[in-house]
Amino acid sequence: MTKRPPGGFRRARSVRERGREPGGTDGGAAPGLPAPGRSVPSAWPLDLFSPAAMARADAASSVSVERLMEAAGLAVAREAAARFRGARVLVLAGPGNNGGDGYVAARRLEEAGWGVAVAALAPPRPGGPAEAAAARWRGPVVPFEPAEAARAGLVIDALLGAAPSRPLPGGALAVLRAAGGPVLAVDVPSGLDGATGQPLGEVVGAAVTVTFARLKPGHLLLPGRTLCGELVLADIGLPEAALAEALAGDEPRSFRNAPGLWRLPAPEVGGHKYHRGHVVVAGGAMPGAARLAASAARRAGAGLVTLAAETPEAATAFLTGEPGIIVAGPPVRPLLEDARRGTWVIGPGLAPDRDTRKLLDAAIWAGRTIVADAGTLGACAGRPDALRGAAVLTPHAGEFTRIFGEPGPDRLAAARDAAWRTGVVVVLKGPDTVIAAPDGRAAINHNAPPSLATAGTGDVLAGTLGGLLAQGMAPFEAACAAVWLQGAAVPAGPGVVAEDVVAGLPAALRAAGRGFDRG
């Protein structure tokens, strides 16, 4: 009879006994487990489901919760088997369906010869599917104590689901903190709100998170994205009809931002430069910002770009720039009389003062398509109604706060509310940029590298957006595309400056045309 090591773990069979290591070789799964189903990010669905929407999909499914739980647990088991060869596994199981997934994962791993034990935070809820899953677990059940986690080579966190009503208890945190190896989270790391990406109390981050059917906003919003570690999206057989029914209600739609959510404009065979639009970038006190925006608008495909100088000094600075950019002004406002100059980027390098606000008012009155950025946003601090009539606003968190108030922990809801209040698409910039439309649609961007946090990249974004709008893209789609393109345009490695992002736009445009998703 095989002895079990301390803590109730069953000794994994040796290579000789099984023919190969636990977890297989070359990334394969253990015997008795299918190979893990890896999806590259570009193949993942664009829809994001809130925890409430996913619950509606489960309720509408023609597939029973028990079968879905079996498939979810199998997905967790096969990822564990493929990634953590030979590890002694401790499954931390909660009382709900998340814990049920953990019991299934434990059973499937043990059936494949892995050393597995379960520690239960609380008994499964009576009469629920988790209770049935727990009843089928015949392996060791060990005390829910830090010492058990410290002995494990892999801890599977199946304690709480994606809609926690309260923080993880202190005792459970102590057990997770004591993990002797990596943590694999089921759906989300316990205590993380799947709707907002915000932790309820302390959350212990995972090396890998396996989620099911669709990503949730909290998988992409920070700090959730970091706490989840590597994301794995598993197909567990939830019918598409149930997923569609879950989206049929009043809850606004959310998406991950990637090609497929939008399509870039294609130049017409018989077109000319005016068909591709004319962008005007108004600049003044900081001419470098306006020059970056103008360069980006050209790279994004605008047929013509004008730098409109508010001062003679700005005009002189503009004339030393790219020869393909038209320089006009001062004054700036007479340029609004030419209807062909249809798209205006107002803000980069402008002072946040009354003159900037007057230019914005004049451009709105003239019916121009407007990207309001930087100085324009500062000029409208505390006056969100002054921005009505623009096409897109591009605030960072500080600018957003001065106009609308603190975004708070729910950035998705804050951006949606600002878009609804102004009737304008809002790009709430950050490492997890949120793009929100007045009709409630919202997208979360997730391809921006940290090197974008450098001066001038916001100006590049505003110009890229202007270039896309000039070519006829609708504001929400243009905003989503511009944000994604900026992330894709960043060169690898250190030393990135804003000019490098402009130079990278042609390659990013080619990538977007191929439907390529960098992350």
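Everything quoted here is computed from the prediction, not taken from an experiment.

Quick question: what am I supposed to make of the sheet that holds strand 3 (residues 116-120) here?
Within a sheet, each strand pairs with its neighbour through backbone hydrogen bonds, oriented either parallel or antiparallel. Pairing is parallel across the open sheet formed by six strands, whose spatial order is 3-2-4-5-6-7. Looking at which strands have only one partner, the edges of the open sheet turn out to be strand 3 and strand 7 (230-234). Strand-to-strand twist in this sheet, taken as the mean axis angle between neighbours without regard to direction, amounts to 20°. In this structure, strand 2 (residues 89-93) lies alongside strand 4 (residues 154-158), joined through five bridges in parallel fashion. Residue pairing across strands places Val91 opposite Ile156, the latter belonging to strand 4. Running over the sheet, helix 4 (residues 97-111) touches strand 2, strand 3, strand 4, strand 5 (183-186) and strand 6 (208-212) and is turned about 160° from strand 3.

Whenever I open this one, the packing of aromatic side chains confuses me. Can you help?
The relative placement of two aromatic rings is captured by the distance of their centres and the angle of their planes. One pass over the full model with this rule turns up two aromatic pairs. Centre to centre, the rings of Phe400 and Phe404 are 4.9 Å apart; their planes meet at 40°, and the pair counts as tilted. Of the two residues, Phe400 and Phe404 are both situated in helix 15 (residues 397-404); the distance of four residues between them amounts to about one turn of the helix. Taking relative accessible area as the criterion, Phe404 reaches 14% and is therefore assigned buried.

For this particular structure, what's the right way to read the pairing of strand 13 (residues 369-372)?
Looking down a regular strand, the side chains alternate between one sheet face and the other. Two elements, strand 12 (residues 343-346) and strand 13, share four bridges in a ladder whose sense is parallel. Among the inter-strand pairings, Ile346 is bridged to a residue of strand 13, identified as Ala372. As a crossover connection, the stretch from strand 12 through helix 13 (residues 354-365) into strand 13 is right-handed.

Even after reading the chapter, I still don't get the sheet that holds strand 12, so can you show me in this structure?
Reading across from one edge, 1-8-17-16-15-14-13-12-9-10-11 is the order of the eleven strands in this open sheet, with mixed pairing throughout. A single partner strand is all that each edge strand has here, and the edge strands are strand 1 (47-48) and strand 11 (326-328). As judged from the four bridges shared by strand 9 (residues 278-283) and strand 12, these two strands associate in the parallel manner. Residue Val281 lies in a different strand from strand 12, and its bridge partner there is Val345.

Looking at this structure, I do not really get the confidence of the model for the protein chain. What am I missing?
Regions with low pLDDT should not have their predicted coordinates read in detail. The predicted model of the protein chain averages 91 in pLDDT, with 91% of residues at 70 or higher. Across residues 1-31, confidence stays below pLDDT 50; counting only partners more than four residues off in sequence or on other chains, it has 81 contacts. Low confidence marks residues 34-40, where pLDDT is under 50. Its contacts with residues over four positions away, or in another chain, come to 17 contacts.

Thresholds applied
Residues numbered from 1 in each chain as written. Predicted model: local features only at pLDDT ≥ 70, side-chain atom pairs only at ≥ 80, totals over all residues. Heavy atoms only, no water. Pairing = 2+ DSSP bridges. Helix = DSSP H or I, 4+ residues; strand = E, 2+ residues; numbered from the N terminus. Axes fitted to C-alpha atoms, helices over the stretch in contact; angles between N-to-C directions. Contact = heavy atoms within 4.5 Å. Phe/Tyr/Trp six-rings, centres within 6.5 Å; stacked < 30°, edge-to-face > 60°. Buried < 20%, exposed > 50% of the residue type's maximum accessible area, 1.4 Å probe, protein only. Right-handed = clockwise from strand over helix to strand, strands pointing away. pLDDT = per-residue confidence, 0-100.

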